[in-house]
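Listed below are the residues making up each chain.
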Amino acid sequence: MPNHKSAEKRVRQSERRRKLNRGNRSRLRTSLKNLRSALEGDGKGASAILPETISTIDRAVQKGVLHKNAAARKVSRLSKRVKAIK
């Protein structure tokens, strides 16, 4: 338990940030899962889902959920898989 007023505020801030980070991370994972399932299926819907997924990945970088190099790596690999299906 926090003993100072500033420590109490820090607990509130940390909890708020944790909820926001969790939501952003969940949104990212769901988007990636949807694209991967489209790739494993017939693959026709994957090219339509790819731009949305890339946008979600970029948003995750802006929010600080994902490092920019990790995001670039994910985008590259996903794009490569979508192009291979075409």
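Above this text is the structure in question.
Predicted model, so just to flag it, every value in this text is computed and none were measured.

Quick notes on the rules
- Residue positions are given per chain, counting from 1 as you read along its sequence in written order.
- Where totals are concerned, whole chains, interfaces and linings use all residues; where local detail is concerned, this predicted model gives features only for residues with pLDDT of at least 70, and gives and counts side-chain atom pairs only at 80 or more.
- Excluding hydrogens and water, the side-chain figures rest on all heavy atoms present in the structure.
- A helix here means a DSSP run of H or I that spans at least four residues, while a strand means a run of E at least two residues long, and both kinds are numbered starting from the N terminus.
- Restricting the calculation to C-alpha atoms gives the radius of gyration, and the globule rule supplies 2.2 Å times the number of residues raised to the power 0.38.
- A helix is expected to span 1.5 Å multiplied by its residue count minus one.
- Residue burial is assigned from relative accessible area. The probe radius is 1.4 Å, only protein chains are included, and a residue is buried under 20% of its type maximum, exposed over 50%, and partly exposed in between.
- Directions from the helix axis toward the C-beta atoms define the arc.
- To obtain an axis, a line is fitted to C-alpha atoms, over the contacting stretch when the element is a helix, and the angle between two such axes runs from 0 to 180 degrees between their N-to-C directions.
- Throughout this description, any angle smaller than 35 degrees is read as roughly parallel, any larger than 145 degrees as roughly antiparallel, any in the 65 to 115 degree range as roughly perpendicular, and the remainder as oblique.
- Crossing handedness is defined as follows: a turn of the near helix away from the far one that is anticlockwise and smaller than a right angle gives a left-handed crossing, while the clockwise case is right-handed.
- By definition in these notes, contact holds between two residues if any of their heavy atoms fall within 4.5 Å.
- Note on residue classes: Ala, Val, Leu, Ile, Met, Phe, Trp, Tyr, Cys and Pro are nonpolar, Asp, Glu, Lys and Arg are charged, and everything else, Gly too, is polar.

Participant: What exactly am I supposed to notice about the overall build of the protein here?
Facilitator: When you go through the protein residue by residue, the secondary structure sums to three helices and zero strands. Secondary structure of the protein in N-to-C order comes out as α-α-α. Relative to the 2.2 N^0.38 estimate, which gives 12 Å for 86 residues, the radius of gyration of the protein is 17 Å and therefore markedly larger than a compact globule would have. Seen along its three principal axes, the alpha-carbon backbone of the protein occupies a region of about 60 × 25 × 15 Å.

Participant: Would you take a moment to explain helix α3 (residues 68-85) for this structure?
Facilitator: An ideal rise of 1.5 Å per residue puts 26 Å on 18 residues; α3 measures up with 26 Å between its terminal C-alpha atoms. Those residues of α3 that fall on the buried side of the exposure criterion are Ala 70, Ala 71, Val 75, Leu 78, Ser 79 and Val 82. Buried residues along α3 cover an arc of 160° about the axis, so they all sit on one side. Residues of α3 that are exposed and point over 90 degrees away from its buried face: Asn 69, Arg 77, Lys 80, Lys 83 and Ala 84.

Participant: How should I be thinking about the packing of helix α1 (residues 5-40) against helix α2 (residues 46-63) in this particular structure?
Facilitator: Helix-helix packing is described using two parameters, namely the angle between the two axes and the distance between the axes. One can describe the packing of α1 onto α2 by two numbers: an axis separation of 9 Å at closest approach and a directional angle of 160°. One finds that α1 runs roughly antiparallel with respect to α2. Considering only the axes of α1 and α2, their crossing is left-handed. For the pair α1 and α2, contact is made by Asn 24, Arg 27, Leu 28, Ser 31, Leu 32, Asn 34, Leu 35, Ala 38 and Leu 39 and by Ala 46, Ile 49, Leu 50, Glu 52, Thr 53, Thr 56, Ile 57, Arg 59, Ala 60 and Lys 63, respectively.

Participant: I'm lost on the packing of α2 against α3 in this one. Help?
Facilitator: Contact pair α2 / α3: the axes reach a minimum separation of 10 Å and the direction vectors enclose 175°. On the basis of the axis angle, α2 is roughly antiparallel to α3. Listed contacts from α3 to Ala 46, Ser 47, Leu 50, Thr 53, Ile 54, Ile 57 and Val 61 of α2 are Lys 68, Ala 71, Lys 74, Val 75, Leu 78, Ser 79 and Val 82. The residue inventory of the contact of α2 with α3, partitioned by class, reads nine nonpolar, three polar and two charged.

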